[in-house]
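Structure at a glance
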Amino acid sequence: MGLGPRPPHKAGRRFPAGGKRGLGAKGSGRPGAGRQRQPCPPSDRHSEVALDAQPHLSPEALGYFRRALSALKEAPETGEERELMVHNVLKEVEAQALALATNRTGSEMLQELLGFSPLKPLCRVWAALCSNLRLVACHRCAVHVLQSALLQLPRLLGSLAKEEEEEEDGKDGPLETLEELVLGLASEVCDDFLFYCGDTHGSFLVRTLLQVLGGTLLESERARHRGSQSPEAPRAPARECKPTDFEVPDTFLNRLQDLSSCFLKDIAVFITDKISSFCLQVALQILYRKLPQFCVHLCNAVIGYLSSRNSSADGSPLLLFLRDQTSSRLLEQVLLVLEPPRLQSLFGDHFHGQLQTLALSPVFEELSPALEAVLAQGRPGVVIALVGACRRVGALQAQVLQLLLEAFHCAEPSSRQVACVPLFATLMTYEVYYGLTQEEEAVPVEHQMEMATARALGEVTVLGSLLLQHLLHFSNPSLVLRSLGALTGPQLLALAQNPAGSHVLDAVLTSASVTRKQRRRVLKTLKGQYVALACSRHGSRVLDAIWSGAALGARKEIAAELGEWNQELIRDPFGHHVARNVALATFLKRREAWEQQQGAVAKRRRALNSVLED
């Protein structure tokens, strides 16, 4: 894959690591009145809520629920007293559910109260909210209460919820089951799918509903729900998702199929509209895990629609949509769920030979000689996603790495390549990182090891760390390992102590592409830094991981170095955990017993590895 000539004057850049948005403020509550005395309920005059207007919550009612929540938090986790308090409070909630949900502070308290709720009280609150779904789903505060109710399903669909339902005597009259309520909600959303997906607040509900129906909760969605009620909450990249699965009835998956079919009816809207596109992106992640055939069908629909548009002057019509932020984000998610043969086919049909055209594409930024200019626009997240796709598929890895070296100005002269790790980690070009003058930038100079070793490691960014982790899992990570090996002890220590940088060393320890010899060559630089590692929050975790994979000889070296600072380690909040893990007291007092113990551990580890390899 050829690269164009480099301009003679190219100003160094510091690539933005991505925008940062503030999280919504969390509600505050006054201290509870104690667990022995329950708060008195408010007057009934505010219990009747007019559904044709936004209901009002009186200050007295708000104060009551605040005291009730505080009392519940202080009450014992089990017992008749707590059960009675929960029953009484939720009875009042049922009468004023809509008023609470549409009040900012009340919404936050109601979300917490639902976490205490048994099955049937939650169903009653749910029914009260869904009686005016449009108001709730499109309200900036109320929608998060319904989200919270949906997120209780993993807890309430279990065996305990079934037992609780059987124990109820039904004296309160007929009540829809939780399954019926979820299916009813899904049916109503399905009837007006485009409206709810396109609403700023309603899309939150649709995304959560898709996850619940699929029995998979995405970490990025749960974190957004916990951290903010604002529609401006940051969208977590797909790479950060850590799905949690739970069992759901077959009817849920059937309804998930129905909702998935709704995307096909207005596929153009879901590809081009920013808010609606978020729902399709979440659907792809859920279907990929639970209904892969439907996921393939949706992916084909997206690619088919994009391919059917008028071709650009440069070739494939997909190139036009790659310049659009919304469409490119969706295509990023499609790339993450496509199977390798289909992904390679997509590249061959639409992107092969179009690298210069893709220079302005936020999806294929890393495939372009103009990567630097695009990164400077603050879109490194898409670069990371596609480097991850190259890692997963096992294709185009050498080309991607070469383009990254070009973008960070460390491809030529070749001596600069050894500096790629600090540049990638900090998302800075060579000239910016080392502070070169404009005259020095004009003609690329050879890398000076004295200059590199004298400079402290720059601030490691989260996206820079993710980039290095992907590169270390490439089939040939030798260049990155050589750059890591060129770091000084203090520089590697700073990387290990950094919250994001510590995961780079995790990748060194866990990557199947890194040989034992390469791993030892990198880690030997940390000799003399073990005490500083042990006394660091993130460094101690790295040291524990190094210890777990170390041979007996390496463990002796680590223990000997730590043993000289035994008292300091014991007094340190992180160091004393390391000392206990290393069995430092035994090492210092009974060396022979320590060696026997560590030898037995190493023997068990070898036996386990042999079993796993078989």
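As shown above, the structure is provided for reference.
So, here's what we can say about the structure. (Residues numbered from 1 in each chain as written. Predicted model: local features only at pLDDT ≥ 70, side-chain atom pairs only at ≥ 80, totals over all residues. Heavy atoms only, no water.)

1. Considering the packing of helix H10 (residues 178-191) against helix H12 (residues 202-214)
Threshold: Helix axes are fitted to C-alpha atoms over the stretch in contact, other axes to C-alpha atoms as well, and angles between N-to-C directions run from 0 to 180 degrees. What counts as a helix is a DSSP run of H or I of at least four residues, what counts as a strand is a run of E of at least two, and both are numbered from the N terminus. Angles are sorted into four bins: roughly parallel if under 35 degrees, roughly antiparallel if over 145, roughly perpendicular if 65 to 115, and oblique for all others. Definitions for this section: a left-handed crossing has its near helix turned counterclockwise from the far helix by less than a right angle. A right-handed crossing has that turn clockwise. Should any heavy atoms of two residues lie within 4.5 Å, those residues are considered in contact. Charged means Asp, Glu, Lys or Arg here, nonpolar means Ala, Val, Leu, Ile, Met, Phe, Trp, Tyr, Cys or Pro, and polar covers whatever is left, Gly included.
The contact between H10 and H12 brings their axes to 11 Å, and the two run at 135°. By the criterion of interaxial angle, the relationship of H10 to H12 is oblique. Of the two possible hands of crossing, H10 and H12 adopt the one that is left-handed. Across from Val182, Leu185, Ala186 and Val189 in H10, the residues of H12 making contact are Leu205, Val206, Leu209 and Leu213. Residue classes in the contact of H10 with H12 are distributed as eight nonpolar, no polar and no charged.

2. Observations concerning the pattern of salt bridges
Heads up, the condition is: Here, a salt bridge means any side-chain nitrogen of Lys or Arg that lies within 4 Å of a carboxyl oxygen of Asp or Glu. Each residue is placed in one exposure class: buried if its accessible area under a 1.4 Å probe, protein chains only, is under 20% of its type's maximum, exposed if it is over 50%, and partly exposed if it falls in between.
Across all of its chains, the model carries six salt bridges by this definition. A salt bridge links Asp245 to Arg289; the shortest N-O distance between them is 2.7 Å. With Asp245 in strand E2 (residues 244-245) and Arg289 in helix H16 (residues 274-290), the pair connects residues that are 44 residues apart, well separated along the chain. Here Arg289 falls in the partly exposed class, since its relative accessible area comes to 37%. The partner of Asp258 in a salt bridge is Arg255, and the shortest N-O contact between them spans 3.3 Å. With Asp258 and Arg255 both in helix H14 (residues 250-265) and three residues apart, this pair spans about one turn of that helix.

3. Notes on a positive patch on the surface
Let me state the cut-off plainly: Here the term patch refers to residues with relative accessible area over 30% and no salt bridge, with like charges joined within 9 Å and nonpolar side chains (Val, Leu, Ile, Met, Phe, Trp, Tyr) within 5 Å. For the area figures, the Shrake-Rupley method with a 1.4 Å probe applies, and any residue is considered shielded solely by the protein chains shown. We treat Lys and Arg as the positive residues and Asp and Glu as the negative residues; His and chain ends play no part in the count. Charge coordinates come from a single atom per side chain, which is NZ of Lys, CZ of Arg, CG of Asp or CD of Glu.
A contiguous patch of positive charge on the surface is contributed by Arg516, Lys517, Arg520, Arg521 and Lys524. Note on Lys517: relative accessible area 56%, which makes it exposed.

4. Structural notes on the packing of H10 against H14
Between H10 and H14, whose axes approach to 10 Å, the crossing angle comes to 10°. Our classification of the angle between H10 and H14 gives roughly parallel. Here Glu179, Val182, Leu183, Ala186, Ser187 and Cys190 of H10 come into contact with H14, specifically with Thr251, Phe252, Arg255, Asp258, Leu259 and Cys262. Its residues assigned to classes, the contact of H10 with H14 comprises seven nonpolar, two polar and three charged.

5. Remarks on the packing of aromatic side chains
For the record, the criterion: To pair, rings of Phe, Tyr and Trp, with the six-membered ring standing in for Trp, must have centres within 6.5 Å; the planes then decide the type, stacked if under 30 degrees apart, edge-to-face if over 60, and tilted in the middle. We count a charge as sitting over a ring when the NZ of a lysine or the CZ of an arginine lies within 6 Å of the ring centre and within 35 degrees of the ring normal.
Scanning the model with the defined rule gives nine aromatic pairs in all. Ring centres of Phe587 and Trp594 lie 4.8 Å apart, and the angle between their planes is 75°; this geometry places the pair in the edge-to-face category. Each member of the pair Phe587 and Trp594 is classed as buried. A connected cluster of aromatic rings, assembled from ring pairs, spans Phe193, Phe263 and Phe270. It is Arg207 that lies over the ring of Phe204; its NZ or CZ is 4.7 Å from the centre. Here the basic side chain of Arg416 rests over the ring of Tyr430, its NZ or CZ set 3.9 Å away from the ring centre.

6. Focus on the nonpolar core
Applied cut-off: Among buried residues, the Ala, Val, Leu, Ile, Met, Phe, Trp, Tyr and Cys ones that are joined through side-chain atoms within 4.5 Å form a nonpolar core.
Ranked by size, the top nonpolar core spans 96 residues in total, and within it Trp126 and Leu185 carry the most contacts. When residues of this core are assigned to their parent elements, the largest contribution, eight residues, is made by helix H1 (residues 59-74). Not counting the four nearest positions on each side in its chain, Leu185 is found in contact with Trp126, Cys130, Leu133, Leu146, Leu150, Leu205 and Leu209. Residues Leu484, Ala496, Leu505 and Leu584 belong to the second largest nonpolar core, which totals 71 residues.

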